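Spelled out from the first residue to the last, the chains are:
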Amino acid sequence: MASRNRSAVPEAREAMDRFKYEVASELGVPLKHGYNGDLTSYQNGSVGGYMVKKMIAEQEKLMAGKESGY
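First, a word on what this report is: a plain description of the structure on this page. Predicted, not measured: the structure shown is a model, and the values here were computed from it. (Residues numbered from 1 in each chain as written. Predicted model: local features only at pLDDT ≥ 70, side-chain atom pairs only at ≥ 80, totals over all residues. Heavy atoms only, no water.)

## Quick look at the overall build of the protein
Here comes step 1: A tally of regular secondary structure across the protein gives two helices and zero strands.
Here comes step 2: Counting across all 70 residues of the protein, residues that qualify as buried make up 13%.
Here comes step 3: The contacts in the protein between residues at least 6 apart in sequence include a share of 39% that link residues at least 24 apart.
Here comes step 4: As displayed, the protein offers around 6100 Å² of accessible surface, 55% of which is attributable to carbon and sulfur atoms. (Helix = DSSP H or I, 4+ residues; strand = E, 2+ residues; numbered from the N terminus. Buried < 20%, exposed > 50% of the residue type's maximum accessible area, 1.4 Å probe, protein only. Contact = heavy atoms within 4.5 Å. Areas by Shrake-Rupley, 256 points an atom, 1.4 Å probe, with all protein chains shown as cover.)

## Here we look at helix α1 (residues 13-27)
Here comes step 1: Between the first and last C-alpha of α1 there are 21 Å, a value that for 15 residues agrees with the 21 Å anticipated at 1.5 Å per step.
Here comes step 2: Among the residues making up α1, those that are buried are Phe 19, Val 23 and Ala 24. For α1, the angular spread of buried residues about the axis comes to 135 degrees, placing them on one side. Seen from the buried face of α1, the exposed residues on the opposite side, beyond 90 degrees, are Glu 14, Arg 18 and Ser 25.
Here comes step 3: Tucked into the core, α1 has its buried residues touching α2 (41-64). (Expected span 1.5 Å × (residues − 1). Arc of directions from axis to C-beta.)

## Observations concerning the nonpolar core
Here comes step 1: In this structure, Phe 19, Val 23, Ala 24, Val 29, Leu 31, Leu 39, Val 47 and Met 51 together form the largest nonpolar core, which totals eight residues.
Here comes step 2: Taken together, the elements giving at least two residues each to this core come down to α1 and α2.
Here comes step 3: At three residues, the largest contribution of residues to this core is made by α1.
Here comes step 4: With residues near it in sequence (within four places) discarded, Met 51 still touches Met 16, Phe 19, Lys 20 and Val 23. (Core = buried A, V, L, I, M, F, W, Y, C linked by side-chain atoms within 4.5 Å.)

## Some remarks on the packing of α1 against α2
Here comes step 1: Orientation of α1 relative to α2, taken along the N-to-C sense of each, is 110 degrees, at an axis distance of 9 Å. Taken together, the axes of α1 and α2 are roughly perpendicular relative to one another. Within the contact between the two elements, α1 uses Met 16, Phe 19, Lys 20, Glu 22, Val 23, Ala 24, Glu 26 and Leu 27 and α2 uses Ser 46, Val 47, Tyr 50, Met 51, Lys 54 and Met 55.
Here comes step 2: Among the residues forming the contact of α1 with α2, the class breakdown is nine nonpolar, one polar and four charged. (Axes fitted to C-alpha atoms, helices over the stretch in contact; angles between N-to-C directions. Parallel < 35°, antiparallel > 145°, perpendicular 65-115°, else oblique. Nonpolar A, V, L, I, M, F, W, Y, C, P; charged D, E, K, R; others polar.)

These results come straight from atomic positions and should not be treated as a statement about function.
Structure representation (structure tokens):
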């Protein structure tokens, strides 16, 4: 089955990978390059969830500093 995990901005893939490993390190999740099938779904989900939380917080900061046309 083909992967549906496509980036909206393919050039950002490397930055997102670095961000993923940074978040995993902050959370104490032993994420490594390559196969990570030994990790629990809770561990993997915590990395993804925290990434989203940090991205939303950063975007809120950016939006708060700008006037919105909405």
